[in-house]
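Here is how the chains run, residue by residue.
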Amino acid sequence: MAISLEKGQRIDLTKGKAGLSKLMVGLGWDPVSSGGGFFSKLLGGGGANIDCDASVLMLENGKFTDKKNVIYFGNLKSRCGSVKHTGDNLTGDGAGDDEQIMIDLEKVPANIDKLVFVVNIYDCVRRKQDFGMIQNAFIRVVDQSNHEEMLKYNLRDNYAGRTSLITAEIYRSGSEWKFAAIGEGTNDTRLEDIISRYA
């Protein structure tokens, strides 16, 4: 049974789970519907579709050191093959995960100590969109070997006015890996702005 996390909580991912290596990290969200009708759903509440993009930053000693260490819709696979993005979802409509990232912990290079999962809104300034227009956002972790959901973190804070979310981290703790529920909203408008936080 999956563990439900709250903001700020941390949990061991691999301790006591011999052989656990391959994970699927699913991120999901829905546009807020203003009128409940077909067209309001289609238009994400009255404007252009809200295109949220999930990305992973691979950090070395907590720092972003290599532009190839960001995995997103424009770079779907890390050089080492440990992180793979399955592709972009342009609207967030529908149930379940909107974007998925496959991770093989055994393949993560030894110098990488943290994976940061972020979501930003594509072209948010021109489209005048923010996370107040998004609801039901979550991140979850699934064991690929048996397809069991290990944990889920629902991002329940009010993110109105925020244009990016630092959702969670998977990080090394000695020989083990842990998960941290972050849930921090920022006013970064581009992925590059988020990356600069870890420079």
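Residues numbered from 1 in each chain as written. Predicted model: local features only at pLDDT ≥ 70, side-chain atom pairs only at ≥ 80, totals over all residues. Heavy atoms only, no water.

Per an unreviewed UniProt entry, the chain goes by the name Stress response protein SCP2 and belongs to Bacillus inaquosorum KCTC 13429.

Our next topic: a positive patch on the surface. Residues Lys22, Lys77, Lys84 and Lys107 make up a contiguous surface patch of positive charge. Tracing the chain through its elements places Lys107 in the loop between strand 7 (99-104) and strand 8 (114-121). (Patch = residues over 30% accessible without salt bridge, like charges linked within 9 Å, V, L, I, M, F, W, Y side chains within 5 Å. Areas by Shrake-Rupley, 256 points an atom, 1.4 Å probe, with all protein chains shown as cover. Salt bridge = Lys/Arg side-chain N within 4 Å of Asp/Glu carboxyl O. Lys, Arg positive; Asp, Glu negative; His and termini not counted. Charge placed at Lys NZ, Arg CZ, Asp CG, Glu CD. Helix = DSSP H or I, 4+ residues; strand = E, 2+ residues; numbered from the N terminus.)

What follows is about the pairing of strand 4 (residues 52-59). Within strand 4, eight of the eight residues are buried, which leaves the element mostly enclosed by the surrounding structure. Every second residue of strand 4 is oriented toward a common face, with Cys52, Ala54, Val56 and Met58 on one face and Asp53, Ser55, Leu57 and Leu59 on the other, all of them buried. Sheet topology places strand 4 next to strand 5 (residues 70-71); two bridges connect them, and they run antiparallel. Paired with Val56 across the bridge in strand 5 is Ile71. (Buried < 20%, exposed > 50% of the residue type's maximum accessible area, 1.4 Å probe, protein only. Pairing = 2+ DSSP bridges.)

As summarised here, the arrangement of the six strands in space is 2-12-11-8-4-5, forming an open sheet in which the pairing is antiparallel. The outermost strands of the open sheet, each flanked by one partner alone, are strand 2 (10-12) and strand 5. Here three bridges tie strand 2 to strand 12 (residues 176-186), and the two strands are oriented antiparallel to one another. Across the sheet, residue Ile11 finds its bridge partner in strand 12, namely Phe179.

Next up on the list: the confidence of the model for the chain. Low pLDDT means the predicted atomic positions in that stretch should not be read closely. Residue-level pLDDT values for the chain average 89, and 88% of them are 70 or greater. In this model, residues 35-46 is a region of pLDDT below 50 whose contacts with residues beyond four sequence positions or in other chains number 17 contacts. (pLDDT = per-residue confidence, 0-100. Contact = heavy atoms within 4.5 Å.)

Centre distance and the angle of the planes are the two values used to describe a pair of aromatic rings. Applying the stated criterion to the full structure yields two aromatic pairs. Ring centres 5.4 Å apart and planes at 75 degrees place the aromatic pair Tyr72 and Phe73 in the edge-to-face group. Look at Tyr72 and you get partly exposed, because its relative accessible area is 26%. On the numbers, 6.4 Å between centres and 85 degrees between planes, the contact of Phe73 with Tyr122 is edge-to-face. Of this pair, Phe73 sits in the loop between strand 5 and strand 6 (83-85) while Tyr122 sits in the loop between strand 8 and helix 2 (124-127), and the two are 49 residues apart along the sequence. Note on Phe73: relative accessible area 39%, which makes it partly exposed. Among the aromatic residues, those joined into a cluster by ring pairs are Tyr72, Phe73 and Tyr122. In this arrangement the basic side chain of Lys152 is found over the ring face of Phe138, its NZ or CZ atom lying 4.4 Å from the centre. (Phe/Tyr/Trp six-rings, centres within 6.5 Å; stacked < 30°, edge-to-face > 60°. Lys NZ or Arg CZ within 6 Å of the ring centre and 35° of its normal.)

What follows is about the pattern of salt bridges. Under the counting rule described, the total for this entry stands at 12 salt bridges. Arg127 is the partner of Asp123 in a salt bridge, and the nearest nitrogen-oxygen pair spans 4.0 Å. Residue Asp123 is classed as partly exposed on the basis of its relative accessible area of 28%. Between Arg140 and Glu149 there is a salt bridge, with the nearest N and O atoms lying 2.9 Å from each other. Residues joined by salt bridges that share partners form a network here, namely Asp97, Arg140 and Glu149.

Relative to the elements of secondary structure, Lys68 occurs in the loop between strand 4 and strand 5. C-alpha separation for the pair Lys68 and Met58, spaced 10 residues apart in sequence, amounts to 9.0 Å. Excluding residues within four positions of it along the chain, Lys68 makes contact with Asn75 and Arg79.

By size, the foremost hydrophobic cluster in this structure holds 41 residues, and its most contacted members are Ile103, Leu115, Phe117, Ile139, Ile170 and Phe179. Elements with a contribution of two residues or more to this core: strand 3 (22-31), strand 4, strand 7, strand 8, strand 9 (134-143), strand 10 (148-154), strand 11 (164-173) and strand 12. If you look at the next biggest cluster of nonpolar residues, it comprises 14 residues, including Phe64, Val116, Ala180 and Ile182. (Core = buried A, V, L, I, M, F, W, Y, C linked by side-chain atoms within 4.5 Å.)

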